[in-house]
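Coordinate analysis (summary)
The chain contents come next:
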Amino acid sequence: MPLSSSSAQHAARVLAARLRKVRTDADMTGRDLAELAGWHPSKVSRIENARRTPSTADIRVWCARCGVPDQTEDLVASLEAIEGMFVEWREMERTGLKAAQESVIPTWERTRHFRIYSSQLIPGPLQTPMYIEALLTSLMHRRRLPDDIEEAVQVRVDKQHIIHDGGRRIAVILEESVLRQPIGGVDIMAAQLGHLLSVSILASISLGIIPLGADRSTIWPTEGFFMFDEAEVTVELVSGHLTITQPHEIAMYGDVFTKLAELAVYGKAARSLITSAVAALDE
């Protein structure tokens, strides 16, 4: 499994350290374990230095040969968590974009406090159907996916019920540059910005926009991310979809969100930036 994210790599190193401790607690050298397991002598070293991800079978053999079969299931669960942290787009979207949109529905449904930062696009809960279609059509062509755009758009639109349901808080921070990037062309972007003005007054929505001229000495633009309560953070990378569940990493994103929110303007000032972006489209 290619570990293509820093979070997954960190978790893999933690698992490697745990396996090393299992071996040393059993008073074995790496060569001893490899011989008992029938492996090449270098395999133990590669696993313990996180240069090779163990398989479930490797972990079962490791624990059995070290005399701690009771630790097997816990270590296997850690491995499965690592494998679930990073999913390549080609795996997530292999049957089309509709399935990828549906995969996050359970997380959206159970979340009560959303924190969303975007440095590139209007985020999903606040998108118009035409804006969604423009985005997904671009992805379909770029990644050479099956054409299920109509169904995928409907799934994303249906998920937007969260902004109208009681009991949810949705805090969104956008870079002003997001307002100036006409996704889908001028008409679609104008409608999208008009929609943004409309939803910004909803009781469930807190919309902050960081002006282009804001002093970024304390915190600069970073990758966009979604925070779902205190349970997880998701990040869309060029290569795949990253899910972060480690508490200390979630806390880091929470701290970054707070700092970004301090730079943003709200209410009338935010709406003024949106109307200025609409006027710029006419120019």
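The structure contained in this document is the topic of the report that follows. Note that this is a predicted model, so its numbers are computed, not measured.

Here the structure, examined in full by the defined rule, presents eight aromatic pairs. Considering the side-chain rings of tyrosine 117 and phenylalanine 225, the 5.7 Å spacing of their centres and the 45 degrees angle between planes classify their relative orientation as tilted. One end of the pair, tyrosine 117, is in strand β2 (residues 113–118); the other, phenylalanine 225, is in strand β5 (residues 225–228), and 108 residues separate them in sequence. The exposure classification of tyrosine 117 matches that of phenylalanine 225, with both residues buried. One aromatic cluster in this structure is built from Trp108, Phe114, Phe226 and Phe228. Over the ring of tryptophan 108 we find lysine 159, and its NZ or CZ is 4.4 Å from the ring centre.

When two helices pack together, their arrangement is given by the angle between their axes and by how far apart the axes lie. Contact pair helix α11 (residues 186–199) / helix α13 (residues 267–282): the axes reach a minimum separation of 10 Å and the direction vectors enclose 165 degrees. Taken as axis vectors, α11 and α13 run roughly antiparallel relative to one another. Considering the relative orientation of α11 and α13, their crossing is left-handed. Here Val186, Met189, Ala190, Leu193, Leu196 and Leu197 of α11 lie close against α13, whose contacting residues are Arg271, Ile274, Thr275, Ala277, Val278 and Leu281.

As a further point, take the pattern of salt bridges. Using the criterion set out here, one finds 15 salt bridges in the structure. The partner of arginine 143 in a salt bridge is glutamate 93, and the shortest N-O contact between them spans 2.6 Å. Of this pair, arginine 143 sits in helix α9 (residues 129–143) while glutamate 93 sits in the loop between α6 (89–92) and α7 (97–102), placing them 50 residues apart in sequence. A salt bridge links aspartate 165 to arginine 168, with the shortest nitrogen-to-oxygen separation between them at 3.2 Å.

A few words on the nonpolar core. Judged by nonpolar contacts, the single largest core of 30 residues is most densely connected at Ile122, Ile170, Leu179, Leu196 and Leu207. Excluding residues that lie within four positions of it along the chain, isoleucine 122 makes contacts with Gln127, Tyr131, Leu174, Val178, Leu179, Gln192 and Leu196. In terms of nonpolar packing, the next biggest core, distinct from the first, is built from 21 residues, Trp62, Val68, Val76 and Leu79 among them.

What counts, and where the lines are drawn
- Along every chain, residues carry numbers that run from 1 in the direction the sequence is written.
- Two thresholds apply to this predicted model, a pLDDT of at least 70 for residue-level local features and 80 or more for giving and counting side-chain atom pairs, whereas whole-chain, interface and lining totals are computed over all residues.
- The basis for every side-chain value is the complete set of non-hydrogen atoms in the structure, without hydrogens or water.
- Only Phe, Tyr and Trp rings are paired, with Trp represented by its six-membered ring, and only when their centres lie within 6.5 Å; those with planes under 30 degrees apart are stacked, over 60 edge-to-face, the remainder tilted.
- For the purposes of this entry, the term helix denotes a DSSP run of H or I that reaches at least four residues, the term strand denotes a run of E that reaches at least two, and both are numbered from the N terminus.
- Accessible area is worked out with a 1.4 Å probe on protein chains only. A residue is then buried under 20% of its type maximum, exposed over 50%, and partly exposed in between.
- Two thresholds decide whether a charge sits over a ring: the Lys NZ or Arg CZ must be within 6 Å of the ring centre and within 35 degrees of the ring normal.
- To obtain each axis, a line is fitted to C-alpha atoms, and for helices this fit is confined to the stretch in contact; angles are then taken between N-to-C directions over 0 to 180 degrees.
- To sort the angles, those under 35 degrees are grouped as roughly parallel, those over 145 as roughly antiparallel, those from 65 to 115 as roughly perpendicular, and the leftovers as oblique.
- Note on convention: near helix rotated counterclockwise from far helix by under a right angle means a left-handed crossing. Clockwise means right-handed.
- The contact definition used throughout considers only heavy atoms, calling two residues in contact when any of these lie within 4.5 Å.
- Every case where a carboxyl oxygen of Asp or Glu lies within 4 Å of a side-chain nitrogen of Lys or Arg is listed as a salt bridge.
- We define a nonpolar core as any set of buried Ala, Val, Leu, Ile, Met, Phe, Trp, Tyr and Cys residues linked to one another through side-chain atoms lying within 4.5 Å.

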